[in-house]
Amino acid sequence: MDVKIGKLFQSVGSFFSGGDNIPWCDGDIIAGCEREVAESGSQEQQSESLMRLSWALVHSRQPEDVNRGIAMLEASLDGSSSPLQTREKLYLLAVGYYRNGNYSKSRQLLEHCLEIAPDWRQALTFKKVVEDRIAKDGVIGIGIAAIAVGLLVGGIAALAARKK
C-alpha cells in the first residue's frame, strides 16, 4: 500500500516538475566557451566556437543567457552554409524557446527541423517532450479556470443566501 502511495506522489510530483531530461549548463562552461570564441583563429574555428557557445547559452539556467543564445542563433541562421547547420541551429533555438516557456515556438522550430531531417531521433524525442508540456500546461490551465469558476459561483451563491 505504501509503495502505491509513494508511486502516486512521485507521479504527481513529476507532472508538476516538468520531467524533461534536457541538460543544463553552468556559468563556468559558458565562460570557457566565450574564451574559446575570443581565442579562435580561423573563420571555421570561430564558427564552431560560436555554435558551442550558443549551445551552452540556451542550456543555461539563467534566462538572460538563454535570451543571448537565442539572439545569437537567430542572427546566424541566415548565414548557415548547409542544411545540417540550419537543422542544428533550429534545434538549439527550439531548446532556447522551450527554456523560456515559449512551447509553441519551440514546437514550430522542431517541425521545421523535421522537414530538413524527418528521421532525426533527437528532434522527434524533444518534440514529444514539448508536446507533453503543452498538453500539461493546458490541463493545469483548465484546472485553474475551473477553480476560478467554482469560487465565483460559490461567492454568488453565498451572496444570494445572505440576502434571503
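These figures come from a predicted structure and were not determined experimentally. (Residues numbered from 1 in each chain as written. Predicted model: local features only at pLDDT ≥ 70, side-chain atom pairs only at ≥ 80, totals over all residues. Heavy atoms only, no water.)

### Quick word on the packing of aromatic side chains
We apply this condition: Planes of paired rings set the category: under 30 degrees apart is stacked, over 60 is edge-to-face and the rest tilted, where pairs are Phe, Tyr or Trp rings (Trp by its six-membered ring) whose centres lie within 6.5 Å. Numbering of helices and strands runs from the N terminus; a helix is a DSSP stretch of H or I covering at least four residues, while a strand is a stretch of E covering at least two. Three exposure classes are used, based on accessible area relative to the maximum for each residue type with a 1.4 Å probe and protein chains only: buried under 20%, partly exposed in between, and exposed over 50%.
Taken as a whole and judged by the stated rule, the model has 4 aromatic pairs. With a centroid separation of 5.3 Å and an interplanar angle of 70 degrees, the aromatic rings of tyrosine 98 and phenylalanine 126 are classed as edge-to-face. Residue tyrosine 98 is found in helix H5 (residues 83-99), and its partner phenylalanine 126 is found in helix H7 (residues 121-163); the two are separated by 28 residues along the sequence. Judged by relative accessible area, phenylalanine 126 falls into the buried class, the value being 4%. Members of the aromatic cluster, joined through ring pairs, are Tyr91, Tyr98, Tyr103, Trp120 and Phe126.

### Points about the packing of helix H4 (residues 63-77) against H5
What counts, and what does not: The convention used is that axes are lines fitted to C-alpha atoms, helices contributing only their stretch in contact, and that angles between N-to-C directions extend from 0 to 180 degrees. Working definition: roughly parallel below 35 degrees, roughly antiparallel above 145 degrees, roughly perpendicular at 65 to 115 degrees, and oblique for all remaining angles. Crossings are classed by handedness, with left-handed meaning an anticlockwise turn of the near helix from the far one by less than a right angle and right-handed meaning a clockwise turn. Residue contacts are counted whenever heavy atoms from the two residues lie within 4.5 Å of one another. Throughout this entry, Asp, Glu, Lys and Arg are counted as charged residues, while Ala, Val, Leu, Ile, Met, Phe, Trp, Tyr, Cys and Pro are counted as nonpolar. The remaining residues, Gly among them, count as polar.
As a packed pair, H4 and H5 sit with axes 9 Å apart at the nearest point and diverge in direction by 150 degrees. One element, H4, and the other, H5, form an angle in the roughly antiparallel class. As H4 packs across H5, the resulting crossing turns out to be left-handed. Seen from H4, the contacting residues are Val66, Ile70, Leu73, Glu74, Ser76 and Leu77; seen from H5, they are Thr86, Lys89, Leu90, Leu92, Leu93, Gly96, Tyr97 and Arg99. Along the lines of polarity and charge, the residues of the contact of H4 with H5 split into 8 nonpolar, 3 polar and 3 charged.

### Points about helix H3 (residues 43-58)
Formally: To estimate the expected span of a helix, count its residues, drop one, and scale the result by 1.5 Å.
In this model, H3 (16 residues) spans 22 Å end to end at C-alpha, consistent with the 22 Å of a helix rising 1.5 Å per residue. Of all the residues in H3, the buried ones are Ser49, Met51, Leu53, Ser54, Ala56, Leu57 and Val58. The inward-facing, buried residues of H3 contact helix H2 (27-39), H4 and H5.

### Observations regarding the side chain of serine 106
Along the polypeptide, serine 106 turns up in helix H6 (residues 103-116). We classify serine 106 as buried; its relative accessible area is 0%. When near neighbours in sequence (up to four residues on either side) are disregarded, serine 106 contacts Ala94, Tyr97, Tyr98, Phe126 and Val130.

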